[in-house]
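# Working through the structure, step by step
Below are the chains, spelled out letter by letter.
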Amino acid sequence: MSTLLGTRFFHNMLAGVKHSVRNRVVRGVHTVSRTGFSDKTTEYDRTRPGYPKEVIDDVISSFASKNPCDTPLAALDLAAGTGILTRALQAHGQFGKIEAVEPSEGMRAKFLQRCASITMHDGTSHSIPFGDDSFDIVFVGQAFHWFDDVQSLKEIHRVLKKASQKGAKSSGGLLAMLWNLEDASVSWVAELRNAYEPYAGGVDGPAEHHGNVYIPQHFKGRWMECFQTPEGKEYFPDGVHVMHRSRHILTAEKDIWDRVQSKSYIASLPSEEQARVKATVEDIVHRYKSSGDLVFNIDMGDGVMGCPLPVNTEIATAFAG
């Protein structure tokens, strides 16, 4: 299913939101992102869902709807983290050039362990270390909400190829923003999310456990605001097209907490508060196991048993003007 999110729909979705993009704490590298993604890189890389070929196919199909796609594409993985998305791009085979940019030193170190054949660059969405018109597609996996501002759109637009460089029958390059989201329509997943997501603060409010700063998160629904600004409409005039894919991945019981603590706003909590969150998570898992609603009965190898975790992947794309 796909949905074209226009101005009217998005205005209704954000009804009641009181402050604008200009007042949000999303410039540069957010303090919670900087600290939260430094220490749990192993847990992050092991437990975060990957990106199946079908998701990359959807992005390429979007690109090909307005551009010829008969030669290998040049792709940038922006905010590449530990390389989860980069590895999916490598495996796909459609990309002749893949570059990666990541501001976190800890993430870059893990990336180099996992993606030794790809060059990793230190950089941010406000300062991408490549020249103008360098890429057909800029991918952002699980991260655009951290830098959803006009300066980022301007810089991403700069490094994307423009229609004038691609031929008369071509459009501009494509920004592809991907998020893997645990499916809260399943009761045990919903209860887990209700236990840890409040630590990121409310949609419009500060995070009490993080010095009362605003913590950007996809589930708060704010990431598209920058596209609705005059500058955003100039850089990406056709707006944002959103698609969804649903699937299940296998997860071991021990990985449930490890995935929770890989979230930046949990990883950066004081140890005492982390212990409280862990106890809550383990209690939820225990209760659902006891009731028979959560069963780890699928062999994952090496004696580890797993259960299906429902995941929705959101694929949001925008063509450069």
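This text goes with the structure placed above it.
These numbers were taken from a predicted model, which means no experiment stands behind them.

What follows deals with the overall build of the protein chain. What the protein chain contains, in helices and strands, is 13 helices and nine strands. Across the 321 residues of the protein chain, 55% fall into the buried class. Put simply, of all contacts in the protein chain between residues at least 6 apart along the chain, 75% involve residues at least 24 apart. Accessible surface, the protein chain: about 14000 Å² in total, of which carbon and sulfur atoms supply 50%.

Glancing now at the layout of surface pockets. Quantified by volume, the largest pocket comes out at close to 320 Å³. Lining the largest pocket are 20 residues, with Gln142, Asn180, Leu181, Gln217 and Lys263 positioned closest to its centre. The set of elements that each furnish at least two residues to the lining of the largest pocket consists of β6 (174-182), α9 (187-196) and α12 (264-267). Considering every element that reaches the lining of the largest pocket, the biggest residue donor is β6, with four residues. Here the lining of the largest pocket is built from residues that sort into eight nonpolar, six polar and six charged.

Attention now goes to the pattern of salt bridges. In total, this model carries 21 salt bridges according to the counting rule given. Between Lys66 and Asp238 there is a salt bridge, with the nearest N and O atoms lying 2.8 Å from each other. With Lys66 in the loop between α4 (53-64) and β2 (73-78) and Asp238 in the loop between α10 (230-235) and β7 (240-252), this residue pair connects regions lying 172 residues apart in the sequence. Look at Asp238 and you get partly exposed, because its relative accessible area is 46%. For Arg287, the salt bridge is made with Glu191, and the minimal N-O distance between the two is 2.2 Å. Of this pair, Arg287 sits in helix α13 (residues 271-291) while Glu191 sits in helix α9, placing them 96 residues apart in sequence. Through salt bridges with shared partners, one network takes in Arg46, Lys254, Asp255 and Asp258.

The next thing to look at is unusual backbone geometry. Most peptide bonds take the trans configuration, and most residues that are not glycine carry a negative phi. Even without being a glycine, Asp133 presents a positive backbone phi close to 60°. In this structure, Gln142 is a non-glycine residue whose phi angle is positive, near 60°. Secondary-structure assignment places Gln142 in the loop between β5 (137-141) and α7 (150-159).

Bringing the packing of α9 against α13 into the picture now. Where α9 contacts α13, the two axes come as close as 10 Å, and the packing angle between them is 165°. Viewed along their axes, α9 and α13 adopt a mutual orientation that is roughly antiparallel. Our pair here, α9 against α13, has a crossing hand that is right-handed. Across the interface between the two elements, Ser187, Trp188, Glu191, Leu192, Ala195 and Tyr196 of α9 pack against Val277, Thr280, Val281, Ile284, Arg287 and Tyr288 of α13.

How two helices sit against one another is set out by the angle between their axes and by the gap between those axes. Taken N-terminus to C-terminus, the directions of helix α11 (residues 253-261) and α13 make an angle of 145°; their axes are 10 Å apart at the nearest point. Crossing handedness for the pair α11 and α13: right-handed. Between α11 and α13, the residues in contact are Glu253, Ile256, Trp257, Val260 and Gln261 and Gln274, Val277, Lys278, Val281, Val285 and Lys289, respectively. Tallied by class, the residues present in the contact of α11 with α13 amount to six nonpolar, two polar and three charged.

On to the pairing of strand β3 (residues 95-101), then. For β3, a buried count of five out of seven residues is recorded, marking the element as mostly surrounded by other parts of the structure. Bridge count between β2 and β3: six bridges; the pairing is parallel. From the neighbouring strand, Leu76 faces β3, where its bridge partner is Glu99. Regarding the hand of the β-α-β motif, the stretch spanning β2, helix α5 (residues 84-92) and β3 is right-handed. Pairing of β3 with strand β4 (residues 120-121) involves two bridges; the strand directions are parallel. Opposite Val101, over in β4, you have His121 as the bridge partner.

With that settled, the discussion passes to α13. Along an α-helix, residues three or four positions apart point the same way, because every turn accommodates 3.6 residues. Look at α13: 30 Å from first C-alpha to last across 21 residues, which is about the 30 Å you get at 1.5 Å a residue. By the burial criterion, the buried members of α13 are Glu273, Gln274, Val277, Val281, Ile284, Val285 and Tyr288. With its buried residues spanning 110° around the axis, α13 presents them on a single face. The exposed residues of α13 that point more than 90 degrees off its buried face are Ser271, Glu272, His286 and Ser290. Those residues of α13 that are buried are in contact with α9, α11 and α12. Immediately downstream of α13, the backbone of Gly292 shows phi near 85°, a positive value.

As a further point, take empty space enclosed by the protein. Any empty space left between the atoms is revealed when a probe the size of a water molecule rolls over them. Going through the model one piece at a time under the given rule, you end up with two cavities of 30 Å³ or more. Lining the second largest cavity we find Glu182, Trp188, Val189, Leu192, Tyr196, Ile256, Arg259, Val260, Lys263 and Leu309. Every element with two or more residues in the lining of the second largest cavity is listed here: α9 and α11. In terms of residue count, the dominant contributor to the lining of the second largest cavity is α9 (four residues). Broken down by class, the residue content of the lining of the second largest cavity amounts to seven nonpolar, no polar and three charged.

Rules used throughout
Residues numbered from 1 in each chain as written. Predicted model: local features only at pLDDT ≥ 70, side-chain atom pairs only at ≥ 80, totals over all residues. Heavy atoms only, no water. Helix = DSSP H or I, 4+ residues; strand = E, 2+ residues; numbered from the N terminus. Buried < 20%, exposed > 50% of the residue type's maximum accessible area, 1.4 Å probe, protein only. Contact = heavy atoms within 4.5 Å. Areas by Shrake-Rupley, 256 points an atom, 1.4 Å probe, with all protein chains shown as cover. 1 Å grid on protein atoms, 1.4 Å probe; cavity = no way out; pocket = protein on both sides within 12 Å on 5 of 7 lines; lining within 4 Å. Points joined across faces, edges and corners; volume = space filled by probe spheres on them. Nonpolar A, V, L, I, M, F, W, Y, C, P; charged D, E, K, R; others polar. Salt bridge = Lys/Arg side-chain N within 4 Å of Asp/Glu carboxyl O. Axes fitted to C-alpha atoms, helices over the stretch in contact; angles between N-to-C directions. Parallel < 35°, antiparallel > 145°, perpendicular 65-115°, else oblique. Left-handed = near helix turned anticlockwise from the far one by under 90°. Pairing = 2+ DSSP bridges. Right-handed = clockwise from strand over helix to strand, strands pointing away. Expected span 1.5 Å × (residues − 1). Arc of directions from axis to C-beta.

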